[in-house]
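Chains, contacts and geometry: an overview
For reference, the chains in residue letters:
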Amino acid sequence: MENKKKILIKIFVSTLYLSAFTFGGGYVIVTLMKKKFVDEYHWIGETEMLDLIAIAQSSPGAIAVNGAIVVGYKLAGIAGAATAIIATIIPPFVIISLISFFYNAFRDNFIVSEMLEGMQAGVGAVIAAVVYEMAAGIFREKNRTSVAVMLAAFVAACCLQINVIYIVLACVALGIFHAVWTKRRKKK
């Protein structure tokens, strides 16, 4: 692997770029982080990226920042996490500051409101792509337990309207139970 300074620079530039050109929330940045760190740099495996995103998603806070933290930490420790946080926070901070400064001018502008509405459709497509890629990764593993948990979580959230907090807590409990059961089974 490359030396730590070069990695930190790449983490900073990559997460700054991803954060600056990602509209629509954290799930959009997840796909772009996968493409950058898994497909382009080959620093992280696809399964490991899914694990890191699961950690980021289950942690409190914005998933974009949490994702940057776990990826940065995985690649370069505390320095990588700090670098990723700073790079991820700079673009939204600057953009929100500018928007709030010019809010009255933008508020009633027809072109701006139509542009934002058009971006919503694009964001929906990117989120659908993230869901597809993550689900495809789980199906590729051919682990029946993982597929069953994923499908049960989907049904619980989308069909039964169960609060996501309860679904995450149930998945944590299942994960702990599965880890303990697997460990005991290996001892026998």
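Preceding block: the structure.
Note that the structure is predicted; figures quoted are calculated from it, not measured. (Residues numbered from 1 in each chain as written. Predicted model: local features only at pLDDT ≥ 70, side-chain atom pairs only at ≥ 80, totals over all residues. Heavy atoms only, no water.)

Spanning 32 residues, helix α6 (residues 110-141) covers 48 Å between terminal C-alpha atoms, matching the ideal 46 Å at 1.5 Å per step. Looking only at α6, the buried set comprises V112, V123, V130, A135, A136 and G137. Directly beyond the C-terminal end of α6, a positive phi value near 55 degrees is found at K142. (Helix = DSSP H or I, 4+ residues; strand = E, 2+ residues; numbered from the N terminus. Expected span 1.5 Å × (residues − 1). Buried < 20%, exposed > 50% of the residue type's maximum accessible area, 1.4 Å probe, protein only.)

Taken together, the side chains of K183, R184, K187 and K188 present a region of like positive charge at the surface. Mapped onto the elements, K183 comes out in helix α8 (residues 164-187). The exposure class of K183 is exposed, given its relative accessible area of 55%. (Patch = residues over 30% accessible without salt bridge, like charges linked within 9 Å, V, L, I, M, F, W, Y side chains within 5 Å. Areas by Shrake-Rupley, 256 points an atom, 1.4 Å probe, with all protein chains shown as cover. Salt bridge = Lys/Arg side-chain N within 4 Å of Asp/Glu carboxyl O. Lys, Arg positive; Asp, Glu negative; His and termini not counted. Charge placed at Lys NZ, Arg CZ, Asp CG, Glu CD.)

With that out of the way, let us pick up the layout of surface pockets. When its volume is computed, the largest pocket comes out at roughly 1600 Å³. Taken together, 37 residues make up the lining of the largest pocket; nearest its centre are Q57, I138, M150, A153 and C171. For the lining of the largest pocket, the elements supplying multiple residues, two or more each, are α3 (46-58), α6, α7 (144-159) and α8. In terms of residue count, α8 provides more of the lining of the largest pocket than any other element does, eleven residues in total. Partitioning the lining of the largest pocket into residue classes produces 27 nonpolar, eight polar and two charged. (1 Å grid on protein atoms, 1.4 Å probe; cavity = no way out; pocket = protein on both sides within 12 Å on 5 of 7 lines; lining within 4 Å. Points joined across faces, edges and corners; volume = space filled by probe spheres on them. Nonpolar A, V, L, I, M, F, W, Y, C, P; charged D, E, K, R; others polar.)

Moving on, we come to the packing of α6 against α7. Packing of α6 against α7 brings their axes to within 8 Å, and their N-to-C directions diverge by 150 degrees. Of the possible angle classes, the one that applies to α6 and α7 is roughly antiparallel. Crossing geometry of α6 relative to α7 is assigned as left-handed. Across from A135, I138, F139 and E141 in α6, the residues of α7 making contact are S146, V147 and M150. (Axes fitted to C-alpha atoms, helices over the stretch in contact; angles between N-to-C directions. Parallel < 35°, antiparallel > 145°, perpendicular 65-115°, else oblique. Left-handed = near helix turned anticlockwise from the far one by under 90°. Contact = heavy atoms within 4.5 Å.)

What follows deals with empty space enclosed by the protein. Inspection of every chain in the model, using the stated rule, returns one cavity of 30 Å³ or more. Estimated volume of the largest cavity: approximately 100 Å³. Around the largest cavity, the lining residues are V30, T31, K34, E46, M49, L50, I53, V130, E133 and M134. For the lining of the largest cavity, the secondary structure elements donating two or more residues are α2 (26-40), α3 and α6. Counting residues per element, the lining of the largest cavity draws most heavily on α3, at four residues. Of the residues assigned to the lining of the largest cavity, the class counts are six nonpolar, one polar and three charged.

Here the structure, examined in full by the defined rule, presents five salt bridges. The partner of K34 in a salt bridge is E133, with the nearest N and O atoms 3.9 Å apart. Taken together, the residues span a long stretch of sequence, with K34 in helix α2 and E133 in helix α6 at a distance of 99 residues. Classification of K34 by relative accessible area gives buried; the value is 15%. By relative accessible area, which is 24% here, E133 ends up partly exposed. K74 serves as the salt-bridge partner of E48, at 3.4 Å between the closest nitrogen and oxygen.

Judged by nonpolar contacts, the single largest core of 24 residues is most densely connected at I44, V71 and L75. Within the residue set of this core, elements represented by two or more residues are α1 (4-20), α2, α3 and α4 (63-101). Counting residues per element, this core draws most heavily on α4, at eight residues. (Core = buried A, V, L, I, M, F, W, Y, C linked by side-chain atoms within 4.5 Å.)

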